[in-house]
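As a plain string of letters, each chain reads:
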Amino acid sequence: MSEAPIQHPPDIYGQVLKVALPLLVGAIFLIVWQIVVTTLGVPKFVLPAPTLIWQALIGNFWSLMGSLWFTLTVTVEAFIAAVIGGVALAVLFAQSRWIATAFFPYAVILQVTPVVSIAPLIIIWVGYDNVRLALLILAWLVAFFPILSNTTLGLRSTDHNLRNLMQLYGASRWRVLTEIQFPGALPFILAGMKISGGLSLIGAVVAEFVAGSGASTGLAWRIIEAGNRLDIPRMFAALGLLSVLGILIFGVMSLIEYLALRHWHESAVRREN
Amino acid sequence: MQMFAPEAASASPHTAKPIITLNGVTKTYGNGTTALRDVDLAIGQSEFVSLLGPSGCGKSTLLRLIAGLGEISAGRIDWPQTAHTARGEPEHDIGFVFQEPTLMPWATVFDNVYLPLKLKRMSRRQAAPIIRDALTKVGLENFGKAYPRELSGGMKMRVSIARGLITRPSVLLMDEPFAALDEITRFRLNDDLLAMWAGQHWTVIFVTHSVYESVYLSDRIVVMGARPGRVTADIRIDEPYPRSEAFRLSSRYNDYCRLVSAALHETMT
Ligand SMILES: Nc1ncnc2c1ncn2[C@@H]1O[C@H](COP(=O)(O)OP(=O)(O)OP(=O)(O)O)[C@@H](O)[C@H]1O
Ligand SMILES: [Mg+2]
């Protein structure tokens, strides 16, 4: 009985196609866009050509990069705070049904209240000279619920025989949490994080639109500013950067998910049947 | 209740001191199913007891209750020889092999078997030779680094068995551990289990569907009937250990099998 597990070479051809195909579609789209806009003579304040947008991006490179950095850091900080807060609260909820019953409805209320509607209030509370903090709080509010609800579900979904086994070995609550519940909940937590990553970007941008006073310097403000001056190419450049940021966040989250689950979880494992 | 060999007959040295006693144990699940009714049983120190019965007669339920998993609806289970904690729970060291493999899918085979030792605060380095030994016993010495999803059903079960034995428990509860295995592996593990049992003075409670397996392994077979689950016969297998293939081929083995089969049939009609 000495069979050994067999290693398969990765499917490189498929991996390359997975990246190349969407890129090809994007390139074709841009070329068609360019041709249509130039041949039909569409005014640039309606739909600028891709080349014009590129020029706007290069021309305003440092101010746009500064805004990108601002939005990125707000998003990432809000996201990290949401992960810590969501997981911590879920762990607390998992310890006692009573705590969960008492507090979960309030978490839901926070979630279902549209962030746009509470943004002015938060901005007034923290003060106009502190808009960044307001953005952080608002982005956090949006991002934190998916983590909380997913982690709570994950911690509750532990294989009950495994739990029984831990009980038999006299494991403490903490050991049950760290050895069984948490690893078992990881796929749920990562799924929540994937949603939250996108949501914290949305939260950061929407909050900045509401704050919209010039006190903040994120990408949303660049969009408002460009809109006010009818500088549509610059608006598209900012918009493009925002999309790139969103894709980046999604990509990083997917990578983390894959790395964490590739050995065991159905979602990340390549089936061979 | 029909007694083929009354408990009181303490011909075997094993029954001298009961280590677990069940009195009028009844279990009704939340949905109203009465899985066990009025079960009386005394398990002797170092006894190898098989629980045999048709599917759904409450074997798993009984084993879980003995392990202290789940509430008893009526009656009581005592561990007369075991020290108790301040909260009144027996401080036994139980090894439990569930009917399903019950492995951690995120951990390697090595880490799955390591779990009980880890909970006892043994370091990986200290545990490594013990784990290697246990994996060799179940024929998985090359699979320490594999994940459960890479194993067949029978291999997963063998990991689960290795984990159950790793702490060298004084009481070993096994729920149909070999049901998913091929005959050859099963026979080998049967012999390994008997060898370990003889060396360790364990008490083993072994749930099985198989008349043949129970006769080969046990010095006592408790036959259970269904609806509601209850003990219908208690048969002693007076055959010295170590047992070997020769016992399987003997006429005494056949006689015991016939006796146990008859008892089982009686409960099902
Ligand atoms: N968690 C549960 N909730 C409700 N009823 C249950 C539960 N577990 C078992 N039962 C019921 O209790 C009875 C006994 O179940 P148990 O699993 O103990 O049988 P078993 O003898 O181990 O069967 P098998 O040989 O098929 O494993 C069955 O009728 C089953 O429907
Ligand atoms: Mg069962």
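Predicted model, so just to flag it, every value in this text is computed and none were measured. (Residues numbered from 1 in each chain as written. Chains lettered and ligands numbered in written order. Predicted model: local features only at pLDDT ≥ 70, side-chain atom pairs only at ≥ 80, totals over all residues. Heavy atoms only, no water.)

Undergrad: Got a sec to walk through the sheet that holds strand β4 (residues 74-78) of chain B? Specific residues and values, please.
TA: Residue and element names in this part refer to chain B. The three strands lie next to each other as β2-β1-β4, forming an open sheet whose pairing is antiparallel. Strands at the two margins of the open sheet, each flanked by one partner only, are β2 (34-44) and β4. Here the strands of the sheet are splayed against their neighbours by 15° on average, with no regard to which way each runs. Of the pairings in the sheet, the one linking strand β1 (residues 18-28) to β2 comprises seven bridges and is antiparallel in character. Bridge pairing in β2 places Thr-21 opposite Ala-42. (Pairing = 2+ DSSP bridges. Helix = DSSP H or I, 4+ residues; strand = E, 2+ residues; numbered from the N terminus. Axes fitted to C-alpha atoms, helices over the stretch in contact; angles between N-to-C directions.)

Undergrad: Give a detailed account of the UniProt feature "transmembrane region" (unreviewed entry) in chain A, specifying residues and quantitative values.
TA: Residues and elements named next belong to chain A. What UniProt calls "transmembrane region" (unreviewed entry) maps, in this numbering, to residues 12-33, 68-94, 106-128, 134-155, 201-224 and 236-256. End C-alpha atoms of residues 134-155 are separated by 31 Å, and the span's content is 100% helix alongside 0% strand. When the span residues 236-256 is considered, its composition is 100% helix and 0% strand, and the gap between its end C-alpha atoms is 30 Å. (UniProt positions renumbered as here; feature names shortened; annotations may be inferred.)

Undergrad: Which residues make up the nonpolar core, and what values go with them?
TA: Residue and element names in this part refer to chain B. Judged by nonpolar contacts, the single largest core of 85 residues is most densely connected at Ile-20, Leu-22, Leu-62 and Leu-173. Counting contributing residues per domain, this core is built from domain 1 (2-6 + 14-93 + 171-266) and domain 2 (102-168), each supplying no fewer than three. The contact partners of Ile-20, leaving out residues within four places of it in the chain, are Leu-41, Ala-42, Ile-43, Ile-66, Ile-77, Asp-78, Trp-79, Pro-80, Val-171 and Ile-205. Core analysis: the second largest hydrophobic core is formed by 54 residues, Val-97, Leu-117, Ala-134 and Val-260 among them. (Core = buried A, V, L, I, M, F, W, Y, C linked by side-chain atoms within 4.5 Å. Buried < 20%, exposed > 50% of the residue type's maximum accessible area, 1.4 Å probe, protein only. Domains from an automatic or database assignment. Contact = heavy atoms within 4.5 Å.)

Undergrad: Account for the packing of helix α7 (residues 160-168) of chain A against helix α8 (residues 173-211) of chain A, naming residues and giving values.
TA: All names here are of chain A. It is at 11 Å that the axes of α7 and α8 come closest, and there the two elements cross at 150°. In terms of their interaxial angle, α7 and α8 are classed as roughly antiparallel. Remark: the crossing between α7 and α8 carries right-handed chirality. Residues Leu-162, Arg-163 and Met-166 of α7 form the contact with α8, whose own contacting residues are Arg-175, Val-176, Glu-179, Ile-180 and Gln-181. (Parallel < 35°, antiparallel > 145°, perpendicular 65-115°, else oblique. Left-handed = near helix turned anticlockwise from the far one by under 90°.)

Undergrad: Summarise helix α4 (residues 97-112) of chain A; cite the residues concerned and give the values.
TA: Residue and element names in this part refer to chain A. For α4, spanning 16 residues, the distance from its first C-alpha to its last is 22 Å, which sits close to the expected 22 Å at 1.5 Å a residue. At Phe-103, α4 is bent by approximately 35°, the largest bend along its length, and proline Pro-105 sits one to four residues beyond. The N-terminus of α4 is capped by Ser-96, whose side-chain oxygen sits 3.1 Å from the backbone nitrogen of Trp-98. (Expected span 1.5 Å × (residues − 1). Bend = angle between axes of the 7 residues up to and from the residue. Polar contact = N/O pair within 3.5 Å; in protein donor to acceptor, adjacent residues only side chain to side chain.)

Undergrad: Any details on the sheet that holds strand β3 (residues 48-52) of chain B? Residues and values, ideally.
TA: Residues and elements named next belong to chain B. Pairing is mixed across the open sheet formed by six strands, whose spatial order is β5-β6-β7-β3-β8-β9. Where the open sheet ends on each side, the last strands, each with one partner, are β5 (94-97) and β9 (230-236). Each neighbouring strand pair of the sheet contributes to a mean axis angle of 15°, computed without reference to strand direction. Relative to β9, strand β8 (residues 220-225) runs antiparallel, the two sharing six bridges. Its bridge partner being in β9, Arg-220 is matched across the sheet by Arg-236. Where helix α5 (residues 183-200) meets the sheet, its contacts fall on β3, β6 (171-175) and β7 (203-208), and the angle it forms with β3 comes to roughly 140°.

Undergrad: Go over helix α8 (residues 251-268) of chain B, please, and point to the residues and values.
TA: Residues and elements named next belong to chain B. An ideal rise of 1.5 Å per residue puts 26 Å on 18 residues; α8 measures up with 26 Å between its terminal C-alpha atoms. Among the residues making up α8, those that are buried are Tyr-253, Tyr-256, Cys-257, Val-260, Ala-263, Leu-264 and Thr-267. For α8, the angular spread of the buried residues around the axis is 130°, confining them to a single face. Seen from the open side of α8, the exposed residues pointing more than 90 degrees away from its buried face are Ser-251, Arg-258 and His-265. On its buried face, α8 sits against β3, α6 (211-217), β8, β9 and α7 (245-249). (Arc of directions from axis to C-beta.)

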